[in-house]
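Here is how the chains run, residue by residue.
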Amino acid sequence: MTASHFSLILLPTLSCNADCEYCFENKTNHHITLDRLATVIEKVMDFLEQKHIERLSIYWQGGEVMTLSPEWFERANGIIRKSAGAREVEVTNYIQSNLIGYSKKWNRILLEMFDNSVGSSMDFPNLHRRLAGGRPEEYEAIWTRNMREAREAGIGVSVIAIPNEKTLQMGARQFYSHFVDDLGITEFQINTPFPGGSANLVKDGYPLDSGKLGQFLLDVAEIWVEEGFGREVKVSPFDRLMEYFVHGHKNLLCIWQDNCVNDFVCIDPQGYVSQCDCWAASYPGFRFGNIFGSDSLFTLLGNSEVRHQFKERPGILIRREDCIDCRYLGICHGGCPVRSYTVKGDINQKDPYCSVYLTLFRGMESLAATRLKLKR
């Protein structure tokens, strides 16, 4: 683990007010009580102290976090600040919400706890995000209204977008223009879909065609470099790859970490500890243990055979796959284990979007070289 920083993906609830067709989580009505949250935070702080880690990022996700109340978060914030202050740990909180439950009553806690910002998700075109029994158009209308209301209140809204088959058909120009020009979103991230959780017809179409997806991402990257780069428009992963190829700063997505098991864990409302939210509510066989049934998080992680499997993955990949011969191994490290598992049934195989990443790495390296030449 890093010497100075650790991340906690915290799922205070697995309840959700949406019914998105490609969701990888198996939803429940579980939510964590404030008393149990205090226990979790104390054990996390103990762990940081044992590891001599001074900074903690908490990513509040779900389920849907805004099915809880702002008042609940105010009390949770008090618990965290008290515990962190006693340990002299610097805590930064981030929140990811579908914004369906957003109203102005959230503004104060977003300002005080989350630096006046919120992450959300929306696709273009939206085919699969919907309320239970509703249509995607209805969901998108509510989301757009609430997103605009939040921005009018001065809250920064960033977006995660997941391409679908129709996205690839419509092309990069319409996609980029929709978010930047039509919605005014100047910070968004493009994620690759994978068939996590319970199977259905939508997930049967994943992974998307690698050739088409790779070209789409490269096209978006080229538009961003031409129109958004250096103009306060952040599109990930392109901005992070540009930073890497130009300056050597390695701040890449979690799917391209040296080994994600070294940098973060996820804790769900029942106290189960997993690698991330993609595992927590979908694959109970990959849980590391339960924080309420262990004396310490340090002991739980150290004794977990499942976690040991994650730690061994990079070495196994190098021996098993053709990764060792790839000049970009030092960037992607074999990609995301949950994507490997959901498609291939084995975490020790490389990410099924390997060829997509290869296309993107080559393209971004070329774009970065062009930018460097123009600066000289």
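Look up a bit, the structure's there.
A few points on the structure. (Residues numbered from 1 in each chain as written. Predicted model: local features only at pLDDT ≥ 70, side-chain atom pairs only at ≥ 80, totals over all residues. Heavy atoms only, no water.)

### Focus on helix α8 (residues 238-247)
For α8, the set of buried residues is F238, L241, M242 and F245. Seen end-on, α8 carries its buried residues on one side only, within an arc spanning 100 degrees. G248 sits one or two positions beyond α8 and adopts a positive phi of about 80 degrees. (Buried < 20%, exposed > 50% of the residue type's maximum accessible area, 1.4 Å probe, protein only. Helix = DSSP H or I, 4+ residues; strand = E, 2+ residues; numbered from the N terminus. Arc of directions from axis to C-beta.)

### What to know about the sheet that holds strand β5 (residues 156-161)
Spatial ordering of the open sheet is given by β4-β5-β6-β7, a layout of 4 strands whose pairing is parallel. The open sheet terminates on both sides in strands that have one partner only, identified here as β4 (117-121) and β7 (234-236). The mean inter-strand angle of the sheet, taken between neighbouring strand axes irrespective of direction, is 20 degrees. Here β4 runs beside β5; their pairing, made up of 5 bridges, is parallel. When the bridges of β5 are listed, S121 appears paired with I160. Together, β5, β6 (187-190) and β7 form the strand contacts of helix α6 (residues 172-182), whose direction differs from that of β6 by roughly 150 degrees. Packed onto the sheet, α8 meets β6 and β7 and runs at close to 90 degrees relative to β7. (Pairing = 2+ DSSP bridges. Axes fitted to C-alpha atoms, helices over the stretch in contact; angles between N-to-C directions. Contact = heavy atoms within 4.5 Å.)

### Details of the packing of aromatic side chains
Each pair of aromatic rings is reported with the distance of its centres and the angle of its planes. Under the definition given, this model contains 28 aromatic pairs. Arranged with centres 5.2 Å apart and planes meeting at 90 degrees, the rings of W279 and F310 form a pair that is edge-to-face. With W279 in helix α9 (residues 277-280) and F310 in helix α11 (residues 305-320), this pair connects stretches of sequence that are 31 residues apart. Site record: aromatic cluster; members linked through ring pairs are W279, Y283, F286, F288, F310 and Y341. Against the face of F292 rests R36, its NZ or CZ located 3.9 Å from the ring centre. Across the ring face of Y272, the terminal group of R287 is positioned such that the distance to the ring centre comes to 3.8 Å. (Phe/Tyr/Trp six-rings, centres within 6.5 Å; stacked < 30°, edge-to-face > 60°. Lys NZ or Arg CZ within 6 Å of the ring centre and 35° of its normal.)

### Some thoughts on the layout of surface pockets
Leftover empty space is mapped by rolling, across the atoms, a probe with the size of a water molecule. Here the second largest pocket is characterised by a volume of approximately 200 Å³. As for the second largest pocket, its lining consists of 14 residues, and the residues nearest its centre are C323, C326, C332, K350 and C354. For the lining of the second largest pocket, the elements supplying multiple residues, two or more each, are α12 (329-332) and α14 (354-375). In terms of residue count, the dominant contributor to the lining of the second largest pocket is α14 (4 residues). Residue composition of the lining of the second largest pocket, grouped by class: 9 nonpolar, 2 polar and 3 charged. (1 Å grid on protein atoms, 1.4 Å probe; cavity = no way out; pocket = protein on both sides within 12 Å on 5 of 7 lines; lining within 4 Å. Points joined across faces, edges and corners; volume = space filled by probe spheres on them. Nonpolar A, V, L, I, M, F, W, Y, C, P; charged D, E, K, R; others polar.)

### Some points on the side chain of S7
Secondary-structure assignment places S7 in strand β1 (residues 5-10). Ignoring any residue separated from it by four or fewer positions in sequence, one finds S7 in contact with L56, S57, Y59, D263, F264 and V265.

### So, the sheet that holds strand β9 (residues 272-274)
Sheets are built from strands paired through backbone hydrogen bonds, the pairs being either parallel or antiparallel. Taking strand neighbours across the sheet as the criterion, the 6 strands line up as β3-β2-β1-β8-β9-β10 in an open arrangement whose pairing is mixed. Only two strands of the sheet have a single neighbouring strand rather than two, namely β3 (90-95) and β10 (289-290). Here β1 pairs with strand β2 (residues 55-60) via 6 bridges, running parallel. Bridge pairing in β2 places L10 opposite W60. Against the sheet, helix α2 (residues 70-87) touches β2 and β3, its axis set at about 165 degrees to β2.

### Brief notes about the packing of helix α7 (residues 210-227) against α8
Running from N to C, α7 and α8 cross one another at 70 degrees; their axes reach a closest spacing of 10 Å. For the element pair α7 / α8, the angle class is roughly perpendicular. Residues L217, V220, A221, W224 and V225 of α7 lie in contact with α8, whose contacting residues are F238, D239 and M242. Here the contact of α7 with α8 is composed, by residue class, of 7 nonpolar, no polar and 1 charged. (Parallel < 35°, antiparallel > 145°, perpendicular 65-115°, else oblique.)

### Topic: the pattern of salt bridges
Per the counting criterion, the structure on display carries 15 salt bridges. Among the salt bridges present, the one from R87 reaches D46, with a minimum N-O distance of 2.7 Å. On the criterion of sequence distance, the pair formed by R87 in helix α2 and D46 in helix α1 (residues 34-51) is long-range, its members being 41 residues apart. Note on D46: relative accessible area 32%, which makes it partly exposed. For R327, the salt bridge identified is with E365, shortest N-O distance 2.8 Å. Within this pair, whereas R327 is found in the loop between α11 and α12, its partner E365 is found in helix α14, the two being separated by 38 residues in sequence. (Salt bridge = Lys/Arg side-chain N within 4 Å of Asp/Glu carboxyl O.)

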